[in-house]
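A structural walkthrough
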Amino acid sequence: MKIIVTDNYEQASLEAFKVMKGVVVKKPNAVLGLATGSTPLGLYKNMIEDHKENGTSYKDVVSFNLDEYVGLPRDHKESYYTFMHTNLFSGLDILEENVHLPYGNTKEDCDAYEKAMEDYSVDVQLLGIGGNGHIGFNEPGTPFTETTHIVELQERTRVDNARFFDNDINQVPTHAITMGIATIMKAKKVLLIATGENKADAVYAMIKGEPTVDCPASALQNHPDVVVVLDKAAASKL
Ligand code: PGA
């Protein structure tokens with residue numbers, strides 16, 4: 001793992017942007033694995049600014065998102081479909097037909113997403129990390145062999161995400177559809193960003209702990225090309 005420690009969120013976003021831009025400039029038809037949450041917002045702002053100012057084009061880029069809530073319509077304001085269109089896709093020249101997000105709650109829906117990915121090889125998979133060590137919505141205990149599947153969200157994840165749902169945990173969906181760890185591990189490169197003190201324990205377990213299902217992100221120790229971008233707070237326990 002290559003670990004980059006920065007002073008703050010803005011610098012972490014900039015370092016992550018350099019990695020992402022590097023992939024897209026080298027390969028204009030790159031396949032990007034994308035993520036939602038608060039963490040990638042700074043990176044996405046940089047990508048949009050760079051597209052507008054420097055003309056970096058995404059017209060041949062294909063994207064696959066990590067996960068989506070079960071039970072929210074795609075046009076719900078907190079669906080990851082809406083998040084991605086609002087915070088990234090609307091600011092780039094990426095084509096709607098090249099954008100993929102998982103959707104649904106059946107085994108068939110999961111298999112269909114894996115099948116859609118079969119024709120592609122993800123060049124860079126962007127990840128955040130949950131306070132409990134999850135990547136995508138692969139909660140602790142998820143076997144590393146899982147592909148796209150339906151998960152029941154853990155209490156901590158739902159509490160963490162309640163801020164998007166009027167701070168009311170009852171409004172936070174109980175289930176999600178997510179790429180599995182085996183799906184994520186197929187990416188040629190992984191770019192994980194973590195900032196803030198509440199990620200420090202998970203970051204420590206990911207990097208210094210034994211690879212174990214108790215910290216899903218620790219599976220990345222077995223991946224040949226991982227860049228971890230941290231701020232000082234997230235790196236504070238290393
Ligand atoms: P966050 O979520 O970026 O909103 O902190 C990260 C995650 O849960 O993977």
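Everything numeric here is computed off the predicted structure, so don't read it as measured data.

On to the packing of aromatic side chains. Scanning all chains against the criterion turns up 6 aromatic pairs. Three or more aromatic residues joined by ring pairs make a cluster, and in this case those are Y69, Y80, F137 and F165.

Its 14 residues place the ends of helix 2 (residues 41-54) 19 Å apart at the C-alpha level, agreeing with the 20 Å of an ideal helix rising 1.5 Å per residue. Along helix 2, the residues classified as buried are G42, L43, Y44, N46, M47, I48, D50 and H51. In this structure, the buried side of helix 2 is in contact with helix 1 (9-26), strand 2 (31-34), helix 3 (80-87), strand 6 (124-127) and strand 9 (190-194). Phi turns positive, to about 75°, at G55, one or two residues after helix 2.

Here we come to the site of the ligand. Every residue lining the ligand is accounted for by G37, S38, T39, G128, I129, G130, H134, R163 and K199. In the environment of the ligand, an oxygen atom lies 2.9 Å from a nitrogen or oxygen atom belonging to the backbone of S38. Note that an oxygen atom of the ligand is positioned 2.4 Å from one of the side-chain N or O atoms of T39. Considered on its own, the ligand offers 280 Å² of accessible surface; in the complex 82% of this is hidden by protein. By residue class, the composition of the shell around the ligand is 1 nonpolar, 6 polar and 2 charged.

Moving on: the sheet that holds strand 8 (residues 175-178). On the basis of which strands lie adjacent, the open sheet formed by 3 strands has the order 4-8-7 and antiparallel pairing. Edge positions in the sheet fall to strand 4 (67-69) and strand 7 (149-152), since each of these pairs with one other strand and no more. On average, each strand axis in the sheet is inclined to that of its neighbour by 25°, with strand direction left out of account.

Conventions used here
- Residue positions are counted from 1 within each chain, in the order its sequence is given.
- In keeping with the predicted nature of the model, local features appear solely for residues at pLDDT of at least 70, side-chain atom pairs appear and are counted solely at 80 or more, and the whole-chain, interface and lining totals rest on all residues.
- Side-chain numbers here rest on the full set of heavy atoms in the structure, without hydrogens or water.
- Note on aromatic contacts: the rings of Phe and Tyr and the six-membered ring of Trp form a pair at centre separations within 6.5 Å, being stacked when their planes are under 30 degrees apart, edge-to-face when over 60 apart, and tilted otherwise.
- Helical segments are the DSSP runs of H or I of at least four residues, strand segments are the runs of E of at least two, and each set is numbered from the N terminus.
- By this rule the span expected of a helix is its residue count minus one, scaled by 1.5 Å.
- Under the scheme applied here, a residue whose accessible area is under 20% of the maximum for its type counts as buried, over 50% as exposed, and between as partly exposed, the area being computed with a 1.4 Å probe on protein chains only.
- Here, two residues are considered to be in contact whenever any of their heavy atoms come within 4.5 Å of each other.
- If even one non-hydrogen atom of a residue comes within 4 Å of a molecule or strand, that residue is called near it.
- Pairs of N or O atoms within 3.5 Å make up the polar contacts considered here, provided that, within protein, one atom can donate a hydrogen while the other can accept it, and that residues adjacent in sequence are counted only when both atoms are side-chain atoms.
- All accessibility values rest on the Shrake-Rupley procedure with a 1.4 Å probe; residue burial counts only the protein chains present in the view.
- When residues are grouped by polarity, Ala, Val, Leu, Ile, Met, Phe, Trp, Tyr, Cys and Pro land in nonpolar, Asp, Glu, Lys and Arg in charged, and all others, Gly among them, in polar.
- DSSP bridges decide pairing: two strands pair if at least two such bridges lie between them.
- Every angle, taken between N-to-C directions, lies between 0 and 180 degrees, and every axis is a line fitted to C-alpha atoms, over only the stretch in contact when it is a helix.

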